[in-house]
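If you want the building blocks of each chain, they are given just below.
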Amino acid sequence: MAVNISLKQLKVFSTINHCDTLTEAAQALFLSKAAVSMALAELEKQLGHSLFDRVNKRLVLNQEGQKLLPLVDELLHRAQDIEQLLEDDSTLTGQLRIGASDTIGNQVAPYLLSAFRQQTTHQAQSLFISNSALICEKLVDYELDLALIEGKTLHPELISTQFSQDEMCIICSPSSALANITVPAVSDLENSAWILREPGSGSREFFLRAVAPRIEHWQEAFQLNTTEALINCVSAGLGLACLSRLAAEPAIKDGRVITIELPLDMKRRFWLLVHKEKYQNPLLKRFIEFCYQWDQASS
């Protein structure tokens, strides 16, 4: 049986997935709710499958819808490319949705995006900053086009490649006894209290992997979801912390915290992630290439 699917139906399907309700999707598409409902119903009829589960007035993508989503994403991007085919090839168009974990989002992405805009004149980018786990979740759900995170992910639907690196450091309050040790050793960290980020953050993952196994006795004093709060707690003498030197640098310069220099490898990689099924249009390809080139130029 021939299937006659329109781009409008696919656009409605994609928009509902991002908006969760017919009302929100209708507003985003500048259509009536009835028109959106009809387009979805016709698409589901054409395919012979329901694509969403109806849960308390919300539409939640079901298993069949999840299979369809990457193909729809690619078709809509290719349709956009066709519309732009006769335009100047050097002009990048479209929206680029970037996700970044905390350190990259606050310390790296602003300068990377500024340089990208200067080089390409492309201005339509959005930046979503959160912990690495949530960023990956949004990437898997096609809510982001690519992600820049500090912790490597093994998610089977994501492709992860290194694009840069930074250095972690351990900080303490200037009033801490550790601040007076001339040549500190890892053993000096025994029975220490630590201020950690929430589960899913890159700095927490690094501490638990690279530092904590070397300390026999330590405790988690606080769990916080912002780097600034973490630094302030350390400054107030509530514990030690392990975080990016980029993020700690202003507080180090201000004398609010002091670094504890230990004979440990504190290097950490930055990773660029894309969904393996994501269609890479010219804009996305250009930005990915720029990320690799920018790191070489800035190092």
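Residues numbered from 1 in each chain as written. Predicted model: local features only at pLDDT ≥ 70, side-chain atom pairs only at ≥ 80, totals over all residues. Heavy atoms only, no water.

Per an unreviewed UniProt entry, the protein chain goes by RuBisCO operon transcriptional regulator and derives from Vibrio scophthalmi. The protein chain has a UniProt comment under Sequence similarities (unreviewed entry) that states "Belongs to the LysR transcriptional regulatory family." (UniProt positions renumbered as here; feature names shortened; annotations may be inferred.)

Enquirer: So, the packing of aromatic side chains: which residues are in play, and what are the values?
Expert: Inspection of every chain in the model, using the stated rule, returns six aromatic pairs. The interplanar angle of 85° and the centroid separation of 5.0 Å between the aromatic rings of F116 and F287 together place this pair among those described as edge-to-face. Of the two residues, F116 sits in helix α5 (residues 102-120) while F287 sits in helix α10 (residues 282-298), which places them 171 residues apart along the sequence. This pair shows no difference in class: F116 is buried, exactly as F287 is. When the centroid spacing of 5.3 Å and the interplanar angle of 70° are considered together, the rings of F116 and F290 count as edge-to-face. Placement of F116 in helix α5 and of F290 in helix α10 is noted, with a sequence separation of 174 residues between them. Each member of the pair, F116 as well as F290, carries the same accessibility label: buried. Here the aromatic residues F116, F287 and F290 are joined through ring pairs into a cluster of three or more. (Phe/Tyr/Trp six-rings, centres within 6.5 Å; stacked < 30°, edge-to-face > 60°. Helix = DSSP H or I, 4+ residues; strand = E, 2+ residues; numbered from the N terminus. Buried < 20%, exposed > 50% of the residue type's maximum accessible area, 1.4 Å probe, protein only.)

Enquirer: Explain the state of the cysteines to me, using residue names and the numbers behind them.
Expert: Tallied over the full model, the rule gives zero disulfides. Not engaged in a disulfide, the cysteine C172 finds its nearest cysteine sulfur in C169; these two sulfurs lie 10 Å apart. A residue is classified by how much of its surface remains accessible, and C172, at 0% relative accessible area, is buried. We note that C233 lacks a disulfide partner, and the nearest cysteine sulfur, in C172, lies 15 Å from it. (Disulfide = S-S within 2.5 Å.)

Enquirer: Pulling in residues and values, what's your account of the environment of P70?
Expert: Examined against the element boundaries, P70 turns out to sit in helix α4 (residues 63-83). Measuring from C-alpha to C-alpha, the distance between P70 and L243 comes to 36 Å, with 173 residues separating the pair along the chain.

Enquirer: An account of the environment of P213 is requested, with residue identities and associated values reported.
Expert: Secondary-structure assignment places P213 in the loop between α7 (202-211) and β8 (218-224). Overall, the relative accessible area of 57% leaves P213 in the exposed class. In contact with P213, not counting residues within four places along its chain, are F207 and L208. (Contact = heavy atoms within 4.5 Å.)

Enquirer: So what's going on with the UniProt feature "domain: HTH lysR-type" (unreviewed entry) in the protein chain? Residues and values would help.
Expert: In this structure's numbering, the residues bearing the UniProt feature "domain: HTH lysR-type" (unreviewed entry) are residues 5-62. From the first C-alpha to the last, residues 5-62 spans 19 Å; its make-up is 62% helix and 14% strand.

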